[in-house]
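Secondary and tertiary structure notes
Now for the letters of each chain:
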Amino acid sequence: PDLEGLKAAQDLLATDISNGRTALETLAKRGSVLAMLALATSFQRANPPNLLHAEPWFRAAYERGALTAFLGLVTCLYRRGELVAAENISTEGAARGDAVAMGWLAHLKLRRDMANLPEAVALLREAAAQGQVRASMQLAHLEIRGRLGLHLIPLGIARAIYTAFRAYVIGARDLDDRLLR
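What this report covers is the structure whose coordinates are included nearby. (Residues numbered from 1 in each chain as written. Predicted model: local features only at pLDDT ≥ 70, side-chain atom pairs only at ≥ 80, totals over all residues. Heavy atoms only, no water.)

Re the overall build of the chain
Counted only if it meets this: Under the scheme used here, helices are H or I runs from DSSP no shorter than 4 residues and strands are E runs no shorter than 2 residues, and both carry numbers assigned from the N terminus. Accessibility here uses a 1.4 Å probe with only protein chains present; expressed as a share of the type maximum, an area under 20% marks a residue as buried, one over 50% as exposed, and anything in between as partly exposed. Pairs of residues are marked as contacts when any of their non-hydrogen atoms sit within 4.5 Å. For the area figures, the Shrake-Rupley method with a 1.4 Å probe applies, and any residue is considered shielded solely by the protein chains shown. In this tally, Asp and Glu contribute negative charge and Lys and Arg positive charge; neither His nor the terminal groups of the chain are included. In this description, the location of a charge corresponds to atom NZ of lysine, CZ of arginine, CG of aspartate or CD of glutamate.
Within the chain, the secondary structure is distributed over ten helices and zero strands. Sequence-ordered secondary structure for the chain, helices as α and strands as β, is α-α-α-α-α-α-α-α-α-α. Dimensions along the principal axes, computed over C-alpha positions, put the chain at roughly 60 × 35 × 30 Å. Considering the chain as a whole, with its 181 residues, one finds that 44% of them fall into the buried category. By sequence separation, contacts in the chain at least 24 residues apart represent 44% of the contacts at least 6 residues apart. Roughly 9,800 Å² of accessible area belongs to the chain as shown, and the carbon and sulfur atoms make up 58% of that amount. Looking at charge distribution, the chain has the averaged site of its 22 positive side-chain charges lying 5 Å from that of its 18 negative ones.

The following block contains the structure:
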């Protein structure tokens, strides 16, 4: 990878968005996954966000094996209302054992139909077992609300407290930690 070119493009992006994006796009078209991620993120974080431009770059990075692109891709699809596409991508990621994908897949399945509760709970439990904070909190929420049986409400409360503490500890160390996604 052209790390010097990537650094120069990112430095340029900070002062001149248009030329910075052009430089990143040049690197991305040469196959730089890091440039694809930086370019997609610049579109996603724009004011207002440009999800139509961000999504293809997140997808390209994801298809080249960048797990960090998964969250950006699914977020773009979800925000644009493309829930079936978001669920399909999440299914692919979950099949590979990606805990972030499992959490998203559970969320999307429950949003579509509460009849998917057993499958969603299994996904959330697996993701939580891998340390995924968001999935653990979703599971606690279901337990607290009695969706998994009234006898699990106390467990849900304990899980929520423990998960909030873990999130604090992880976030204090690194806010970008994948366990918080």
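A short note on the packing of aromatic side chains
Test applied: Centres within 6.5 Å make a pair out of two Phe, Tyr or Trp rings, where for Trp the six-membered ring is used; the pair is then stacked when the planes are under 30 degrees apart, edge-to-face when over 60, and tilted otherwise. Placement of a positive charge over a ring is assigned whenever Lys NZ or Arg CZ falls within 6 Å of the ring centre and within 35 degrees of the normal to the ring plane.
Under the counting rule described, the total for this entry stands at two aromatic pairs. Ring centres of Tyr62 and Phe70 lie 6.0 Å apart, and the angle between their planes is 50 degrees; this geometry places the pair in the tilted category. Classification of Phe70 by relative accessible area gives buried; the value is 0%. Taken together, a centroid distance of 5.3 Å and an interplanar angle of 75 degrees make the contact between Tyr78 and Trp104 edge-to-face. Taken as a pair, Tyr78 in helix 5 (residues 68–79) and Trp104 in helix 7 (residues 99–112) lie far apart in primary sequence, 26 residues in all. A cation over an aromatic ring shows up here: Arg134 above the ring of Trp104, its NZ or CZ 4.8 Å from the ring centre.

Description of the side chain of Ser136
Take Ser136: it is sitting in helix 9 (residues 133–144). Residue classification places Ser136 among the buried positions, given a relative accessible area of 8%. The residues contacting Ser136, other than those within four sequence positions of it, are Ala128, Arg159 and Thr163.

Here's the deal with the nonpolar core
Formally: Think of a nonpolar core as a cluster: buried Ala, Val, Leu, Ile, Met, Phe, Trp, Tyr and Cys residues, connected wherever their side-chain atoms sit within 4.5 Å.
With 34 residues, the main nonpolar core has Leu24, Trp57, Phe58, Ala69, Phe70, Ile89 and Trp104 as its most contacted residues. Only helix 1 (3–15), helix 2 (17–29), helix 3 (33–44), helix 4 (51–63), helix 5, helix 6 (83–95) and helix 7 provide two or more residues apiece to this core. Residues in contact with Phe58, not counting those within four places in the same chain, are Leu37, Ala40, Thr41, Gln44, Ala69, Gly72, Leu73 and Cys76. Counting residues in hydrophobic clusters, the runner-up holds 17 residues, among them Leu110, Leu123, Leu124 and Leu152.

Observations concerning a nonpolar patch on the surface
Rules: Each patch is built from residues lacking any salt bridge and having more than 30% relative accessible area; the joining distance is 9 Å for like charges and 5 Å for nonpolar side chains (Val, Leu, Ile, Met, Phe, Trp, Tyr). Put simply, a salt bridge is a Lys or Arg side-chain nitrogen that is within 4 Å of an Asp or Glu carboxyl oxygen.
A cluster of nonpolar side chains, namely Ile144, Ile157 and Ile161, defines an oily patch on the protein surface of about 270 Å² accessible area. Structurally, Ile144 is set in helix 9. Here Ile144 falls in the partly exposed class, since its relative accessible area comes to 35%.

Some remarks on the environment of Asn47
Along the chain, the position of Asn47 falls in the loop between helix 3 and helix 4. For Asn47, a relative accessible area of 79% translates into the label exposed. Each C-alpha atom, one on Asn47 and one on Thr91, is 30 Å from the other, the two residues being 44 residues apart in sequence.

Some points on the packing of helix 5 against helix 6
This is how the line gets drawn: Under this scheme, a helix contributes an axis fitted over its contacting stretch, all axes are lines through C-alpha atoms, and angles between N-to-C directions fall in the 0 to 180 degree range. Angle categories: roughly parallel below 35 degrees, roughly antiparallel above 145, roughly perpendicular from 65 to 115, and oblique for all the rest. Crossings are classed by handedness, with left-handed meaning an anticlockwise turn of the near helix from the far one by less than a right angle and right-handed meaning a clockwise turn. For this classification, the nonpolar set comprises Ala, Val, Leu, Ile, Met, Phe, Trp, Tyr, Cys and Pro, the charged set comprises Asp, Glu, Lys and Arg, and every other residue, Gly included, is treated as polar.
Running from amino to carboxyl end, helix 5 crosses helix 6 at an angle of 160 degrees, the nearest separation of the two axes being 8 Å. Taken together, helix 5 and helix 6 sit at an angle that is classed as roughly antiparallel. Between helix 5 and helix 6 the crossing geometry is left-handed. Contact with helix 5, carried on its side by Phe70, Leu73, Val74, Leu77 and Tyr78, involves Leu83, Ala85, Ala86, Ile89 and Ser90 of helix 6 and no other residues of that element. Partitioning the contact of helix 5 with helix 6 into residue classes produces nine nonpolar, one polar and no charged.

Topic: the environment of Ala95
With respect to the element layout, Ala95 can be found in helix 6. For Ala95, a relative accessible area of 68% puts it in the exposed group. Sequence separation of Ala95 and Arg59 is 36 residues, and the distance between their C-alpha atoms is 17 Å.

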